[in-house]
Amino acid sequence: MIRTNDFNKLRATTVLAVMKDGKSVMAADGQVTLGETIMKHRAVKIRRMYNDSVLVGFAGAAADAFNLFERLEGKLDAYNGNLVRAAVELAKDWRTDKVLRRLEALLLAIDIEHMLIISGTGDVIEPDRPVAAIGSGGPFAQAAAQALVAHSSLSPAEIAAESMKIAASICLYTNDQITVEEINE
């Protein structure tokens, strides 16, 4: 179970990943909240890793996420860019290490072949569908993206951007300052 307290719940963002037509795309909003207060509008919540072949986004405590970014990057280097292996090794460390266990964040990672949600409870989840999302607005963005993937001819980047706009119009903790990053085959 992800540990939170009333002041710092994991509801401060939306990160979305979409795979379609040989492209992998990740989008995130820019809002940073502290409790009920918006502190920043244009934060960057997506990082490119391993020679720009992996995109990773986070939801939760920023300092914790940056720690996890560094550790995942180290695992990607150690396993020659194998995202699945790196994610499993990170999740094992995250779950068993006394310090890491206290980190409150979720990671969403994508390369050209795999999309993974990684948590501190040891979960490494590869969704069945070509869409995944984390954060407070995640369910809204994911629902919109699933519909657009199935029923439109939009590109993955367009699907991600439109889905994030929909999430921003519904979720208080998601804004319309959207970053979209793409990986091609």
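With that settled, consider the sheet that holds strand S6 (residues 54–60). Pairing is antiparallel across the open sheet formed by 5 strands, whose spatial order is S5-S6-S7-S8-S9. The outermost strands of the open sheet, each flanked by one partner alone, are strand S5 (46–49) and strand S9 (124–125). Here 5 bridges tie strand S7 (residues 105–110) to strand S8 (residues 115–119), and the two strands are oriented antiparallel to one another. Looking across to S8, one finds that Ala109 is bridged to Leu116. This element, helix H2 (residues 83–96), spans S6, S7, S8 and S9 of the sheet and lies at about 10° to S8.

Glancing now at helix H1 (residues 62–78). With 17 residues, H1 should cover 24 Å at 1.5 Å per step; its first-to-last C-alpha distance of 24 Å lies within 8% of that length. Residues of H1 that are buried include every one of Asp64, Ala65, Leu68, Phe69, Leu72, Lys75 and Leu76, and no others. For H1, the arc enclosing every buried residue in end-on projection is 140°, short of the 170-degree limit, so these residues lie on one face. What points out from H1, more than 90 degrees from its buried face, is the exposed set Ala63, Glu70 and Ala78.

In this section: the nonpolar core. Judged by nonpolar contacts, the single largest core of 21 residues is most densely connected at Met49, Val56, Leu68, Leu72, Leu76, Leu107 and Ile118. Of all the elements in the fold, those that place two or more residues in this core are S6, H1, H2, S7 and S8. Here this core gets 6 residues from one element, more than from any other, and that element is H2. When residues no more than four places from it in sequence are discounted, the contact partners of Ile118 are Ala87, Leu90, Ala91, Trp94, Leu106, Leu107, Ala109, Asp123 and Val124.

What counts, and at which threshold
- Residues numbered from 1 in each chain as written.
- Predicted model: local features only at pLDDT ≥ 70, side-chain atom pairs only at ≥ 80, totals over all residues.
- Heavy atoms only, no water.
- Pairing = 2+ DSSP bridges.
- Helix = DSSP H or I, 4+ residues; strand = E, 2+ residues; numbered from the N terminus.
- Contact = heavy atoms within 4.5 Å.
- Axes fitted to C-alpha atoms, helices over the stretch in contact; angles between N-to-C directions.
- Expected span 1.5 Å × (residues − 1).
- Buried < 20%, exposed > 50% of the residue type's maximum accessible area, 1.4 Å probe, protein only.
- Arc of directions from axis to C-beta.
- Core = buried A, V, L, I, M, F, W, Y, C linked by side-chain atoms within 4.5 Å.

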